[in-house]
Amino acid sequence: MAAKILDGKAIAQKVRDEVREGVARFAAAHGRPPGLDVLLVSGDPASVTHTRNKERMSNEVGMRGRLRALPAETTEAELLAFIAELNADETVDGILVQLPLPSHIREHRALGAVDPAKDVDGLHPVNAGLLALGRPGALAPCTPVGCMRLLAEAGVQIAGARAVVVGRSNLVGRPIAELLLAQHATVSIAHSRTRDLQAICREADILVAAAGKPKLIGGDCIKEGAAVIDVGQTRNEAGKLAGDVDFDAASARAAWITPVPGGVGPMTIASLLENTLRAAEARVAAR
Ligand code: NAP
């Protein structure tokens, strides 16, 4: 079997087009566009690029996107005070704290300070808790939301499917597992202590690889006809991105597969924009 490619670039474009329409409707109804503030507390070059992209792409869909770059020496108390200001600002619907933070700022304090209703990265304990409780309406982390959209676009049957997620981080593995469970998949989560990873993966109708280990998932890990979502993004010495899945070997067995780059990657910012629009709509509906 030659797997069909799940084209993240094209699907992300479709998501952005939908968001653009939703933003125009929101702005017409409420006299202002949804507002997204992206907080950056470091000069880390990768983070600067990521946050600039988020600002640019939110403005491209008609939002009021703002990069709020704070000096690397900003104290934890100053950052929390700044987040409190944004929480109180009615024109701010989404707040994203770019990770990693400098080591003198505790990540859980910063993420926990964001108003859960504005937590468009889905990393506040309230949103993680709502997701774990299977309650609809929680803002879920962007990459997992994007993975679910890829599966939906492929028409992959989730209810009743056997799903295996490799990786259990709060950012990726765990929330993907919760989202799959919410749609009635039978979910296993594998991690670095998992025994016989191959055998577990081979049972998966839906396999999500989010370990950050290039070629961890070989062809012998893939069930014939599976949908394979490769979240992994590791940059090699030449600067080229590698996924967790051996793409050629897996393509020979899978029905659907995401490439790296061009699969899950482009979905993440598109899902951030979607979350921001959802947050804006939910906030005005709650008034
Ligand atoms: P992370 O916090 O380092 O978590 C990695 C997870 O993989 C951990 O749960 C770890 O297990 C597990 N793992 C590591 N080695 C393993 C092995 N040999 N077998 C089975 N499980 C193993 O990373 P993350 O933030 O979740 O990111 C995962 C990957 O996704 C990275 O490559 C990252 O760059 C990529 N990513 C991509 C996007 C995107 O937009 N495409 C967004 C976010 C992340 P333990 O818990 O036991 O340590």
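I will try to describe carefully the structure that is included in this document. Just so we're clear, the structure is a prediction, and the values are computed from it rather than from any experiment.

## Notes on the site of the ligand
Argument step 1. Around the ligand sit 20 residues in total, of which Arg168, Ser169, Ser192, Gln233 and Thr268 are the nearest.
Argument step 2. Separating a nitrogen atom of the ligand from a backbone N or O atom of histidine 191 is a distance of 3.4 Å.
Argument step 3. One of the side-chain N or O atoms of serine 192 is found 2.5 Å from an oxygen atom in the ligand.
Argument step 4. Compared with its free state, where it exposes 930 Å², the ligand has 70% of that area covered by protein.
Argument step 5. Among the residues forming the shell around the ligand, the class breakdown is eight nonpolar, 10 polar and two charged.

## Examining helix 3 (residues 76-88)
Argument step 1. The terminal C-alpha atoms of helix 3, which comprises 13 residues, lie 18 Å apart, in line with the 18 Å expected from a rise of 1.5 Å per residue.
Argument step 2. Restricting attention to buried positions, one finds in helix 3 the residues Glu76, Leu79, Leu80, Phe82, Ile83, Leu86 and Asn87. For helix 3, the angular spread of the buried residues around the axis is 160 degrees, confining them to a single face. With respect to the buried face of helix 3, the exposed residues turned more than 90 degrees away are Ala77, Glu85 and Ala88.

## Thoughts on the pairing of strand 5 (residues 162-166)
Argument step 1. For strand 5, the tally of buried residues reaches four of five residues, placing the bulk of the element in the interior.
Argument step 2. Taken together, the five bridges between strand 5 and strand 6 (residues 186-190) define a ladder with parallel strand orientation. Counted as the bridge partner of valine 165 is isoleucine 189 from strand 6.
Argument step 3. On the question of chirality, the crossover connecting strand 5 to the parallel strand 6 by way of helix 7 (residues 173-182) is right-handed.
Argument step 4. Direction of pairing for strand 5 relative to strand 7 (residues 206-209): parallel, over a ladder of four bridges. The residue of strand 7 that forms the bridge with valine 165 is valine 208.

Thresholds, definitions, all that
Residues numbered from 1 in each chain as written. Predicted model: local features only at pLDDT ≥ 70, side-chain atom pairs only at ≥ 80, totals over all residues. Heavy atoms only, no water. Near = heavy atom within 4 Å. Polar contact = N/O pair within 3.5 Å; in protein donor to acceptor, adjacent residues only side chain to side chain. Areas by Shrake-Rupley, 256 points an atom, 1.4 Å probe, with all protein chains shown as cover. Nonpolar A, V, L, I, M, F, W, Y, C, P; charged D, E, K, R; others polar. Helix = DSSP H or I, 4+ residues; strand = E, 2+ residues; numbered from the N terminus. Expected span 1.5 Å × (residues − 1). Buried < 20%, exposed > 50% of the residue type's maximum accessible area, 1.4 Å probe, protein only. Arc of directions from axis to C-beta. Pairing = 2+ DSSP bridges. Right-handed = clockwise from strand over helix to strand, strands pointing away.

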